[in-house]
Amino acid sequence: MDNNIEGEEVEFRKHAKYFIRFLHTLPGRLASHDSTRVTIAFFAVSGLDVLDSLHMLTDTFQQDICNWIYKLQVVPKPGERGYGGIQGSSTFDVIGTPDSCGLQLYRWGHLAITYTGIAVLVALGDDLSRLNRRAIIEGVAAVQRDDGSFSATIEGSEQDMRFVYCAAAICAMLNDWGRVDRKKMADYILKSIRYDYGISQHYEMESHGGTTFCAIAALELSGQLHLLSADTRDKIIRWLVFRQQDGFQGRPNKPVDTCYSFWIAATLKILHAFELTSFQDNRDYVLSTQDPTVGGFSKWPQAYTDPFHSYFGLCGLSFLNEPGLQEVMPSLNISMRAYRRLQELQRNWALLEEGLAAGNGEVTVHIE
């Protein structure tokens, strides 16, 4: 591993301002993403966190973001199906809309939105006290399918490795697996390992860097990484290492792309093999996609920047120990600072549950 990486400088302040703009307004070209605004907020807030720049948001604005996330929380009424979680935007909360129009029938929790919504709250220092954790975990269990995979919502959604990861991340963050069948989930993952030892989005599909991350991270978060044999683990590492050209590609014979400096690198970090890659080549590619004028990163040099590639580009640089960037926790895809706070919350929940079980009626918790 080369610790003396040189080259272009990271435009820290310009990237921070770039993310802040996306928290205030979306450009017209992102109008189609209105129903998934929480994920855009995740990239922007988490990007600022990795940049160590959350202080650039006022306390009031940070609280407004938290309040907005909580407004999007969906909690089923007693006797209703388990559709709890967080929805992506206020699309189905039009003020004054009568129940007869049917919008409420589509107001469900969404696994990817629930995961990113909780991550935003943790990054902003919220104590998660307004989350209905039981409804969320029941909502996760409700969308697990017979083959062990998960769909994004309770109806009308694909089921594949992306949502396996989101389910595992939600349960790991809330430290509760409820009725989720972890063994079935692991079986689904193991059956999705392809002939070349990449992991596919669903059975019999092509190996892909993003879904390989989803699978390996889900195994780690569920305490099942040991189910990979030593031989299989080595072959997965080989497939991952071969994805580096200068930056990383997501599949063989595809161009490199900034976001895979997270997906591939994070997977290798989980498997303790990231040192097998070229840090200098990786850094050079990521910074070749940086917009030095207005901030942000793109997937390819000279392409449009976006919050997705901007955040993952910074994560990729963080894995390279770039000075000035916060450390990223690979499997949960949040900063280590946020992860440590989450661990403190989980300890307090455990103390609270122990106190209630003991029946003493008084429990003291502490948040640093």
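Everything below is about the structure printed above this text.
Residues numbered from 1 in each chain as written. Predicted model: local features only at pLDDT ≥ 70, side-chain atom pairs only at ≥ 80, totals over all residues. Heavy atoms only, no water.

Participant: Let's hear about the overall build of the protein chain: which residues, and what values?
Facilitator: Across its full length, the protein chain carries 13 helices and 8 strands. Over its C-alpha atoms the protein chain spans a radius of gyration of 20 Å, differing by no more than 12% from the 21 Å that the globule rule assigns to 368 residues. Across its three principal directions, the C-alpha atoms of the protein chain cover 55 × 45 × 45 Å. Looking at the protein chain residue by residue over its 368 residues, the buried ones come to 54%. Element-wise, carbon and sulfur atoms account for 50% of the exposed surface of the protein chain, whose accessible area totals about 16900 Å². The protein chain carries 34 positive and 44 negative side-chain charges, and their two centres are separated by 4 Å. (Helix = DSSP H or I, 4+ residues; strand = E, 2+ residues; numbered from the N terminus. Rg over C-alpha atoms; globule rule 2.2 N^0.38 Å. Buried < 20%, exposed > 50% of the residue type's maximum accessible area, 1.4 Å probe, protein only. Areas by Shrake-Rupley, 256 points an atom, 1.4 Å probe, with all protein chains shown as cover. Lys, Arg positive; Asp, Glu negative; His and termini not counted. Charge placed at Lys NZ, Arg CZ, Asp CG, Glu CD.)

Participant: Before we move on, could you go through helix 6 (residues 161–174) and cite the residues and values that matter?
Facilitator: Look at helix 6: 20 Å from first C-alpha to last across 14 residues, which is about the 20 Å you get at 1.5 Å a residue. Of all 14 residues that make up helix 6, 13 are buried, and the element is covered over most of its length. With its phi angle positive at about 55 degrees, Asn175 sits one or two positions after the end of helix 6. (Expected span 1.5 Å × (residues − 1).)

Participant: Outline the packing of aromatic side chains, listing residues and values.
Facilitator: All told, the structure shown has 21 aromatic pairs when counted by the stated rule. Note on Phe42 and Tyr311: the rings are 5.5 Å apart at their centroids and 70 degrees apart in plane angle, and the pair reads as edge-to-face. Pair noted here: Phe42 is in helix 2 (residues 37–50) and Tyr311 is in helix 12 (residues 307–319), with a separation of 269 residues, a long-range link. Accessibility assignment for this pair places Phe42 and Tyr311 in one class, buried. When the ring centre of Trp349 is taken as origin, the NZ or CZ atom of Arg133, which lies over that ring, is 3.9 Å away. The positively charged end of Arg243 is found above the aromatic ring belonging to Trp239, 4.8 Å away from the centroid. (Phe/Tyr/Trp six-rings, centres within 6.5 Å; stacked < 30°, edge-to-face > 60°. Lys NZ or Arg CZ within 6 Å of the ring centre and 35° of its normal.)

Participant: Can you lay out unusual backbone geometry for me, pointing to particular residues and giving the numbers?
Facilitator: Despite not being glycine, Asn175 shows a phi value in the positive range, around 55 degrees. Here Asn175 lies in the loop between helix 6 and helix 7 (182–191).

Participant: Explain the packing of helix 2 against helix 3 (residues 59–71) to me, using residue names and the numbers behind them.
Facilitator: Where helix 2 contacts helix 3, the axes come no closer than 12 Å and their chain directions differ by 150 degrees. By the angle between their directions, the pair helix 2 and helix 3 is classed as roughly antiparallel. Here the hand of the crossing between helix 2 and helix 3 comes out left-handed. Where helix 2 abuts helix 3, its residues Arg37, Val38, Ala41 and Val45 lie against Ile65, Trp68 and Ile69. (Axes fitted to C-alpha atoms, helices over the stretch in contact; angles between N-to-C directions. Parallel < 35°, antiparallel > 145°, perpendicular 65-115°, else oblique. Left-handed = near helix turned anticlockwise from the far one by under 90°. Contact = heavy atoms within 4.5 Å.)

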